[in-house]
Amino acid sequence: MLKARARSMALLGAIAIGTFAVPATAQKDQMTPIAAPAQPDAITLDTGPLPDAPNKEAWHRQYGSTFTRNVTVATLTPFLPAPGTATGAAVVVAPGGGFRTLSMENEGWDVARALAKRGVAAFVLKYRLNQTPADMPGFEKSMAEIFGGSAPRPRVDPTAMTARLGPQIADARSAFALIRRRAAEWRVDPDRIGMIGFSAGAMLTMATTLAGQDAKPAFVANIYGPLGAVDVPADAPPLFVALAADDPFFANDGIGLVDKWRAAKRPVEFHLYEQGGHGFGMYQKPTTSTGWFDAYVRWLAMHGVLAKKQ
């Protein structure tokens, strides 16, 4: 039991570090503590504080981007289209970070702003996280200890992972419920609310899709998350997947998720980019992986998600 938990934590820590994996020559890799940025539009969700979590939320800069950790209270931040441009579609955005930190800018706010420019109401989910040391040196050391070593990385078991994500799934369900309650105010079609997640956020997206009960995303996107096989329900939503072939975490684990979606005759689109590593998000890199967002928007349009209802 303890060994299994250790393997699980090692993997999550590896994912957390991998989420930030961009070329050192392009971005600063030093973690620099910062004050919590102003978040005037953030709405506290009704899932309450994380139990037995004494360390307070903290923020830092790394790779030219903004991260948070020790999130104990979940929030949802709306990014709404300009007046007259709303299509009625909405997306819950789940940043990654190994459930130990969240890449709020590269995999959250930047994604949401880009969606809003295309008429899609976007909502960044700052979900509750596993606790990390309160001080930055302690946090850095804990990450290095988890990430260190050359042992093979274990594959993610989607079913086992979902069973460990109770608080995070609750946060996602609360987010969907809130958007539906305020759908008229935010000019959102309750039947066109999807979800997109990155790395650990992709795990949460798939867990919400398969075990989120009343959340029921209308369309989902898994961006460099694990692609292990799952049991696909008959009414599974359209799925968009993007992964780099040189991803150090999930590129060699097969594409069982894609195969299962196809076998269930549910819509799925899969982009395997030659290069991009892990955590490319909205970073502008000299690889074709940078084009994933435009492909995603075209996919949304192909499914009629961006068409305004008459």
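Here the structure is a predicted model, which means the values were calculated and not measured. (Residues numbered from 1 in each chain as written. Predicted model: local features only at pLDDT ≥ 70, side-chain atom pairs only at ≥ 80, totals over all residues. Heavy atoms only, no water.)

A. Main features of the overall build of the protein chain. A count of helical and extended segments in the protein chain gives eight helices and 12 strands. Among the 310 residues that make up the protein chain, the fraction classed as buried is 54%. Residue pairs at least 24 apart in sequence account for 79% of intrachain contacts in the protein chain once pairs closer than 6 positions are excluded. If you sum the accessible surface of the protein chain, you get close to 13500 Å²; carbon and sulfur atoms cover 54% of it. (Helix = DSSP H or I, 4+ residues; strand = E, 2+ residues; numbered from the N terminus. Buried < 20%, exposed > 50% of the residue type's maximum accessible area, 1.4 Å probe, protein only. Contact = heavy atoms within 4.5 Å. Areas by Shrake-Rupley, 256 points an atom, 1.4 Å probe, with all protein chains shown as cover.)

B. Looking closely at the pairing of strand β4 (residues 65-69). Extensive coverage of β4 is indicated by the burial of five of its five residues. Burial of β4 is two-sided: the residues Ser 65, Phe 67 and Arg 69 facing one way and the residues Thr 66 and Thr 68 facing the other way are all buried. With five bridges connecting them, strand β3 (residues 58-62) and β4 associate as antiparallel partners. Residue pairing across strands places Gln 62 opposite Ser 65, the latter belonging to β4. Counting the residues that bridge the hairpin from β3 to β4 gives two residues, and of these Tyr 63 lies at a positive phi of roughly 55°. Across two bridges, β4 lies against strand β7 (residues 101-102) in antiparallel orientation. Bridge pairing in β7 places Arg 69 opposite Thr 101. (Pairing = 2+ DSSP bridges.)

C. Highlighting the side chain of Thr 208. Among the structural elements, Thr 208 can be located in helix α6 (residues 200-211). Residues within four places of Thr 208 in sequence aside, it is in contact with Ala 172, Phe 176, Met 195, Ala 215 and Pro 217.

D. Summary view of the nonpolar core. Ranked by size, the top nonpolar core spans 83 residues in total, and within it Leu 115, Ile 223, Trp 292 and Tyr 296 carry the most contacts. Take this core: its biggest share by element is seven residues, from helix α8 (residues 292-302). (Core = buried A, V, L, I, M, F, W, Y, C linked by side-chain atoms within 4.5 Å.)

E. The confidence of the model for the protein chain, seen in detail. Of the residues in the protein chain, 88% have a pLDDT of 70 or more, and the chain-wide mean is 90. When the criterion is pLDDT under 50, residues 1-27 qualifies, and its contacts beyond four places in sequence or with other chains add up to 55 contacts. (pLDDT = per-residue confidence, 0-100.)

F. Spotlight on the sheet that holds β3. Spatially, four strands are ordered β1-β3-β4-β7 in an open sheet, and the strand pairing comes out antiparallel. Pairing within the sheet leaves two strands with one partner each, and these edge strands are β1 (32-34) and β7. Sheet strands touched by helix α2 (residues 105-117): β3 and β4. Its angle to β4, the strand with the most contacts, is close to 115°. (Axes fitted to C-alpha atoms, helices over the stretch in contact; angles between N-to-C directions.)

G. Region of interest: the packing of aromatic side chains. Counted by the stated rule, this structure contains 13 aromatic pairs. Between Phe 249 and Phe 250, the aromatic rings sit 6.4 Å apart at their centres with planes inclined by 55°, giving tilted as the arrangement. In this pair, the class of Phe 249 matches that of Phe 250, namely buried. Ring centres of Trp 292 and Tyr 296 lie 6.2 Å apart, and the angle between their planes is 40°; on these two criteria the pair is classed as tilted. Taken as a pair, Trp 292 and Tyr 296 lie in helix α8 at a separation of four residues, close to a single helical turn. Of the residues examined, Trp 292 reaches a relative accessible area of 0% and is grouped as buried. (Phe/Tyr/Trp six-rings, centres within 6.5 Å; stacked < 30°, edge-to-face > 60°.)

H. Summary view of the packing of helix α5 (residues 166-181) against α6. As a packed pair, α5 and α6 sit with axes 10 Å apart at the nearest point and diverge in direction by 70°. Between α5 and α6, the crossing angle belongs to the class labelled roughly perpendicular. Seen from α5, the contacting residues are Gln 168, Ile 169, Ala 172 and Phe 176; seen from α6, they are Leu 204, Ala 207, Thr 208 and Ala 211. Its residues placed into classes, the contact of α5 with α6 shows six nonpolar, two polar and no charged. (Parallel < 35°, antiparallel > 145°, perpendicular 65-115°, else oblique. Nonpolar A, V, L, I, M, F, W, Y, C, P; charged D, E, K, R; others polar.)

I. Expanded view of the sheet that holds strand β2 (residues 43-44). Overall, mixed pairing links the eight strands, which are arranged β2-β5-β8-β6-β9-β10-β11-β12 in an open sheet. Every other strand in the sheet has two partners, leaving β2 and β12 (268-273) as the edge strands with one partner each. By the bridge criterion, four bridges tie strand β6 (residues 90-94) to strand β8 (residues 121-126) in an arrangement that is parallel. The residue of β8 that forms the bridge with Val 93 is Val 124. Against the sheet, α5 touches β2, β5 (75-79), β6, β8 and β9 (193-198), its axis set at about 145° to β9. Here α8 sits on the sheet and contacts β6, β9, β10 (220-223), β11 (239-244) and β12; the angle it forms with β11, its principal contact strand, is near 165°.

J. Molecular detail of the environment of Ala 200. Relative to the helices and strands, Ala 200 resides in helix α6. Considering only alpha carbons, one finds Ala 200 and Thr 101, 99 residues apart in sequence, at a separation of 9.8 Å.

K. Structural view of the pairing of β9. Within β9, six of the six residues are buried, which leaves the element mostly enclosed by the surrounding structure. Residues Ile 193, Met 195 and Gly 197 point to one face of β9 and Gly 194, Ile 196 and Phe 198 to the other, with burial holding for every one of them. By the bridge criterion, five bridges tie β6 to β9 in an arrangement that is parallel. Each residue of the ladder has a partner; that of Ala 94, found in β9, is Gly 197. The sheet contact formed by β9 and β10 spans four bridges and is parallel. Within the sheet, the bridge partner assigned to Ile 196 lies in β10 and is Ala 221.

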